[in-house]
Amino acid sequence: MEQSTTRSLLKGKILKILTLLLLVRLGLYIPVPGVELDILTQGQTSNPMFGFAKTLVGNSFLGIGSLGILPYINASIIIQLLTPLFPNLERLQKEEGELGRQQISRYTRYLTCIWAIVLSSAIAFFLIK
């Protein structure tokens, strides 16, 4: 009885992971609205930075999911570096236990959204020039 329950839970988790992986991959190929891809492909021949960037991220250079987890990783590092500088963050991390960790995680998610907007705006600004 217990083995069938474990097996069904495992199948559900694997299905969820595969679904999320498919959604992420699809997000890479949905183009960003407002970007002229024809102009971009013409600019690739004149600017070597485009070729380098395409080498790093693949063919999905301007997909809506092209930033990937980079904003979250950066936000997490920034929060970790700011923790010793702000006593409130340090108190949340050390003294508040699980609730403090949840609050820091919430701050990290907020900073992730802000950082994603900054990064995507910088990419758009770079592409305009």
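What this report covers is the structure whose coordinates are included nearby. (Residues numbered from 1 in each chain as written. Predicted model: local features only at pLDDT ≥ 70, side-chain atom pairs only at ≥ 80, totals over all residues. Heavy atoms only, no water.)

### Notes on the overall build of the protein chain
Stage number 1. Secondary structure assignment for the protein chain yields six helices and zero strands.
Stage number 2. For the protein chain, the succession of helices and strands along the chain, N to C, is α-α-α-α-α-α.
Stage number 3. Counting the 129 residues in the protein chain, one finds 16% classified as buried.
Stage number 4. Long-range contacts, defined here as pairs at least 24 residues apart, represent 65% of the contacts in the protein chain between residues at least 6 apart.
Stage number 5. Total accessible area computed for the protein chain in this model is approximately 10,200 Å², and 68% of it derives from carbon and sulfur atoms. (Helix = DSSP H or I, 4+ residues; strand = E, 2+ residues; numbered from the N terminus. Buried < 20%, exposed > 50% of the residue type's maximum accessible area, 1.4 Å probe, protein only. Contact = heavy atoms within 4.5 Å. Areas by Shrake-Rupley, 256 points an atom, 1.4 Å probe, with all protein chains shown as cover.)

### Regarding the pattern of salt bridges
Stage number 1. Taken as a whole, this structure holds three salt bridges when the rule is applied.
Stage number 2. Of the charged contacts in the structure, one is a salt bridge between arginine 91 and glutamate 96, with a shortest N-O distance of 3.1 Å.
Stage number 3. Residue classification places glutamate 96 among the partly exposed residues on the basis of a relative accessible area of 37%. (Salt bridge = Lys/Arg side-chain N within 4 Å of Asp/Glu carboxyl O.)

### Focus: the side chain of threonine 108
Stage number 1. Within the secondary structure layout, threonine 108 lies in helix H6 (residues 98–128).
Stage number 2. Setting aside its immediate chain neighbours within four residues, threonine 108 contacts Tyr72, Ala75, Ser76 and Ile79.

### Focus: a nonpolar patch on the surface
Stage number 1. Judged by side-chain polarity, Ile69, Tyr72, Ile73, Ile77 and Leu81 come together as a nonpolar surface patch covering roughly 520 Å² of accessible area.
Stage number 2. Relative to the helices and strands, leucine 81 is located in helix H4 (residues 70–82). (Patch = residues over 30% accessible without salt bridge, like charges linked within 9 Å, V, L, I, M, F, W, Y side chains within 5 Å.)

### Here we look at the environment of glutamine 80
Stage number 1. Considering the arrangement of structural elements, one finds glutamine 80 in helix H4.
Stage number 2. Relative accessible area serves as the criterion here: at 44%, glutamine 80 is assigned to the partly exposed category.
Stage number 3. Expressed as a C-alpha distance, the spacing of glutamine 80 and glutamine 93, which sit 13 residues apart in the sequence, is 9.9 Å.

### What about the environment of threonine 108?
Stage number 1. Residue class for threonine 108 comes out buried when judged on its relative accessible area of 6%.
Stage number 2. Linking threonine 108 and tyrosine 72, residues 36 residues apart in sequence, is a C-alpha distance of 7.4 Å.
Stage number 3. Only 2.8 Å separates the side chain of threonine 108 from the backbone oxygen of isoleucine 104, close enough to count as a polar contact. (Polar contact = N/O pair within 3.5 Å; in protein donor to acceptor, adjacent residues only side chain to side chain.)

### Focus on the side chain of threonine 83
Stage number 1. Turning to its location among the elements, threonine 83 is positioned in the loop between H4 and helix H5 (87–94).
Stage number 2. Looking at threonine 83, its side chain comes within polar contact range of the main-chain oxygen of isoleucine 79, at 2.7 Å.
Stage number 3. Discounting residues that sit within four places of it in the chain, threonine 83 has contacts with Leu89, Glu90 and Gln93.

### Quick notes on the environment of leucine 92
Stage number 1. Along the polypeptide, leucine 92 turns up in helix H5.
Stage number 2. Here leucine 92 falls in the buried class, since its relative accessible area comes to 12%.
Stage number 3. When the C-alpha positions of leucine 92 and isoleucine 104 are compared, they lie 7.3 Å apart, and in sequence the two are 12 residues distant.
Stage number 4. Once you skip the residues sitting within four places of it in the chain, leucine 92 turns out to touch Gly97, Gly100, Arg101, Gln103, Ile104 and Tyr107.

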